[in-house]
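Take a look at the letters that make up each chain.
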Amino acid sequence: MAIRRIVIVGGGTAGWMAAAALSRLKAGHDLSIELIESEQIGTIGVGEATIPPFVQFNKLLEIDEREMLAASKGTFKLGIQFVNWGKQGHNYFHPFGAYGYEIDGISFHHVWHKLRSEGDPRPIQVFNAETMAAMFQRFARTADDHPADLPPINYAYHIDAGRYAALLRKYAEVRGVVRREGMVVDVALDGESGFVRSVTMNDGQHIDGDLFVDCSGFRGLLIEQALETGYEDWSHWLPCNRAVAIPCNRDDGSPPAPYTRSTAWSAGWQWQVPLQHRNGNGHVYCAEFMENQEALDILLANLAGKPLADPNFLRFVSGRRKKFWNRNVVAIGLAAGFMEPLESTSIHLVNTAITKLVSVLSLDGITPTQENAFNRLSGREYDRIRDFIILHYKATSRDDSPFWDYCRNMSIPDTLEEKIELFRQTGQVFREEDELFTETSWAAVMMGQGIAMEGHNPMTDRLGGSDLKREIDGIEQSIRYMVNAMPAHEQFVKAYCPAD
Ligand code: FAD
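Computed from a prediction, not measured in an experiment: that's the story for all the values here.

## Thoughts on the overall build of the chain
For step 1, the next point in the chain: Within the chain, the regular secondary structure consists of 15 helices and 21 strands.
For step 2, the next point in the chain: Computed over the C-alpha atoms, the radius of gyration of the chain is 23 Å, within 12% of the 23 Å expected from 2.2 N^0.38 for a compact globule of 500 residues.
For step 3, the next point in the chain: Considered along the principal axes of its C-alpha atoms, the chain spans approximately 75 × 50 × 50 Å.
For step 4, the next point in the chain: Scored against the burial criterion, the 500 residues of the chain give a buried share of 48%.

Printed below as a string of structure tokens:
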């Protein structure tokens, strides 16, 4: 059956990102796209930190970066600072760019390990531009913005997600997406195929569709409530299941940092996301180990400024749908699954789901091949990200609370077990099946959490002498030169994309 009517249920970040991207299919095709959202239900109201592929998503839609950041009061992000994770009083940085560069085809951290074992005292962080820029609160995008003729900086954004969704709404509506306000109260299935035929609104209207995109948030109105697709629960690996969020002003006068901060507490962790006008803050915790009131007290005691709203308490279960695409329903965003925002991966998963959907979609009709490919690739992507997030909990020496005792001792997926052991023994990280996180990401988090490399690639031992020393010194010096030439992050933001 040809696809002539696409219905998106939900108008949060996922719904409007999907609407904006799909609206580009309308040109040259006989296609209607409708988006249903309910002001009464509202959106989740959190989700402000992104990762670098989000920059590409906006480029693909030809959204002007300056306009987007001004409208969403956004700032730049070079990575994530993790405080008190491996052990209390310790912090490390997970940068978006690579450590150094490959030397004779060998990843830089092997070379660094060899030099370190020969007595070079320099920490690996001095060989990473994003870490150094973050440390000095500096920022510039590319060679256009700074005098040094050096590679561009890898970055993402902190955005006010509500404002970003409003921008995408305008974008999508201009391109012919029709928004319907109201609540879906019923879903009609075709008796024979089990496909969703229509949804019924609270005013009695029926909205028919050929393809439904379920962006209804945690409730999974179509994918779960109507189609009973099933959910893989990962709570045993990712036990946090609550969050409380409060935005605050920055009346301590501190400039917005060019990174997200994640501070571990006794049964979870706190995020701090600096926007131009305020900080986003929240405390993710595990209800089995901490009461709501205690979680709120910890958050309030650690805000950088005054609260700007009442606390927003949220519940979730980490995991994913058994199928993301089921019959003629494709679930995107929280309707598809959820992993806590430790590595800011949720909006990214919205982005990649949309990209995959647009790539495999045929307006001539839905086939099992499309559905299977989409599900297989999405499942793999979730599983790899899951392993990376579990790593932060498992690789800790914290023993100051029952929660950390649980995490340190829990069993983990075999895939992750192998990855940790391989790194410990050889320093090797295999980036598998196009996974999101790079060798530097894995190495940064493993070393940051206290997993020390015991060896390095033996090919590294061929390298040495004054040439190698000169090359390594050159990397450090050029990074220092580049960072020195950058303006302060706050100054850059004020000049480049001041808030509307
Ligand atoms: P929602 O925002 O919940 O939107 C659901 C939509 O469906 C709404 O418009 C609602 O009105 C509509 N709807 C639901 N039911 C009906 C109905 N019956 N009829 C009509 N409409 C209906 N992601 C990141 O990438 N970075 C982060 O820093 C980050 N932080 C997070 C922190 C927390 C604590 C949580 C829980 C999530 C975080 N996320 C983060 C995830 C991010 O918030 C979501 O991925 C993103 O907002 C997309 O949400 P959504 O659009 O799927 O769902």
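## Side note on the site of the ligand
For step 1, the next point in the chain: Lining the immediate environment of the ligand, one finds 40 residues, of which G10, G12, G47, G217 and G333 sit closest.
For step 2, the next point in the chain: Of the residues assigned to the shell around the ligand, the class counts are 21 nonpolar, 16 polar and three charged.

## Topic: the packing of helix α2 (residues 53-60) against helix α9 (residues 346-360)
Think of two packed helices as two axes; the pair is described by the angle between the axes and how far apart they sit.
For step 1, the next point in the chain: At a minimum axis distance of 10 Å, the contact between α2 and α9 shows a crossing angle of 45°. When the axes of α2 and α9 are compared, the pair comes out oblique. Both α2 and α9 take part in a crossing whose hand is left-handed. Facing α2, whose interface residues are P53, F54 and F57, α9 presents I347, H348 and N351.

## Focus: the sheet that holds strand β14 (residues 260-265)
For step 1, the next point in the chain: One open sheet holds the seven strands; their spatial order is β5-β4-β14-β15-β16-β13-β17, and the pairing between them is mixed. Taken across any chain shown, the strands that pair with only one partner, and hence form the sheet edges, are β5 (91-95) and β17 (312-315). Ignoring which end each strand starts from, the neighbouring axes of this sheet average 20° apart.
For step 2, the next point in the chain: Across four bridges, the pairing between strand β13 (residues 242-245) and β17 is antiparallel. From the neighbouring strand, A243 faces β17, where its bridge partner is L314.
For step 3, the next point in the chain: Across the sheet, helix α13 (residues 439-448) lies against β4 (79-83) and β5, angled at about 175° from β5, the strand it touches most.

## Some points on the nonpolar core
For step 1, the next point in the chain: Counting 137 residues, the largest nonpolar core has I8, V9, A18, A19 and I332 as its most contacted members.
For step 2, the next point in the chain: In this structure I332 touches A14, A18, V213, C215, V350, A353 and I354, once residues within four positions along its chain are discounted.

## Some thoughts on α13
For step 1, the next point in the chain: Judged by how many residues are buried, α13 sits mostly within the fold: 10 of 10 residues are covered.
For step 2, the next point in the chain: Those residues of α13 that sit buried are E439, T440, S441, W442, A443, A444, V445, M446, M447 and G448.
For step 3, the next point in the chain: Buried positions along α13 lie against β4, β5, α4 (108-117), α10 (368-394) and α12 (414-426).
For step 4, the next point in the chain: In the stretch just after α13, G450 is the one whose phi turns positive, near 105°.

## A closer look at the packing of helix α1 (residues 13-23) against helix α6 (residues 161-174)
For step 1, the next point in the chain: Running from amino to carboxyl end, α1 crosses α6 at an angle of 30°, the nearest separation of the two axes being 9 Å. Between α1 and α6, the angle falls in the class roughly parallel. Helix-helix and strand crossings are classified by hand; for α1 and α6 the assignment is left-handed. Of the residues in α6, those in contact with T13, W16, M17, A19, A20 and S23 of α1 are A161, Y164, A165, L168, R169, Y171 and A172.

## Looking at the environment of V83
For step 1, the next point in the chain: Along the chain, the position of V83 falls in strand β4.
For step 2, the next point in the chain: Take V83: there are 16 C-beta atoms within 10 Å of it, and that puts it in the partly exposed class.
For step 3, the next point in the chain: Ignoring anything within four residues of it in the chain, the contact list for V83 reads N91, R261, S262, T263 and A264.

## Notes on α12
For step 1, the next point in the chain: For α12, spanning 13 residues, the distance from its first C-alpha to its last is 18 Å, which sits close to the expected 18 Å at 1.5 Å a residue.
For step 2, the next point in the chain: Within α12, burial applies to L416, K419 and F423. Within α12, the buried residues cover an arc of 60° as seen down the axis, which keeps them to one side. Facing away from the buried surface of α12 by more than 90 degrees, the exposed residues are D414, E418, E421 and Q425.
For step 3, the next point in the chain: Where α12 is buried, its residues meet α10 and α13.
For step 4, the next point in the chain: Taken from the residues just after α12, G427 is the one with a positive phi, measuring 75°.

## Concerning the environment of S362
For step 1, the next point in the chain: Within the element layout of this structure, S362 appears in the loop between α9 and α10.
For step 2, the next point in the chain: Overall, S362 belongs to the exposed group, with 11 C-beta atoms counted inside 10 Å.
For step 3, the next point in the chain: With 70 residues separating them along the chain, S362 and E432 place their C-alpha atoms 29 Å apart.

## Considering the sheet that holds strand β10 (residues 206-208)
For step 1, the next point in the chain: The three strands lie next to each other as β8-β9-β10, forming an open sheet whose pairing is antiparallel. If you trace the sheet from one side to the other, it starts and ends with β8 (184-189) and β10, each paired once. Geometrically, the sheet is characterised by an average inter-axis angle of 25° between neighbouring strands, direction not taken into account.
For step 2, the next point in the chain: Relative to strand β9 (residues 196-201), β8 runs antiparallel, the two sharing five bridges. Counterpart to D186 in the pairing with β9 is T200.

Thresholds, definitions, all that
Residues numbered from 1 in each chain as written. Predicted model: local features only at pLDDT ≥ 70, side-chain atom pairs only at ≥ 80, totals over all residues. Helix = DSSP H or I, 4+ residues; strand = E, 2+ residues; numbered from the N terminus. Rg over C-alpha atoms; globule rule 2.2 N^0.38 Å. Buried ≥ 20, exposed ≤ 12 C-beta atoms within 10 Å, placed from the backbone. Near = placed C-beta within 6 Å. Nonpolar A, V, L, I, M, F, W, Y, C, P; charged D, E, K, R; others polar. Axes fitted to C-alpha atoms, helices over the stretch in contact; angles between N-to-C directions. Parallel < 35°, antiparallel > 145°, perpendicular 65-115°, else oblique. Left-handed = near helix turned anticlockwise from the far one by under 90°. Contact = placed C-beta atoms within 7 Å. Pairing = 2+ DSSP bridges. Core = buried A, V, L, I, M, F, W, Y, C linked by C-beta atoms within 7 Å. Expected span 1.5 Å × (residues − 1). Arc of directions from axis to C-beta.

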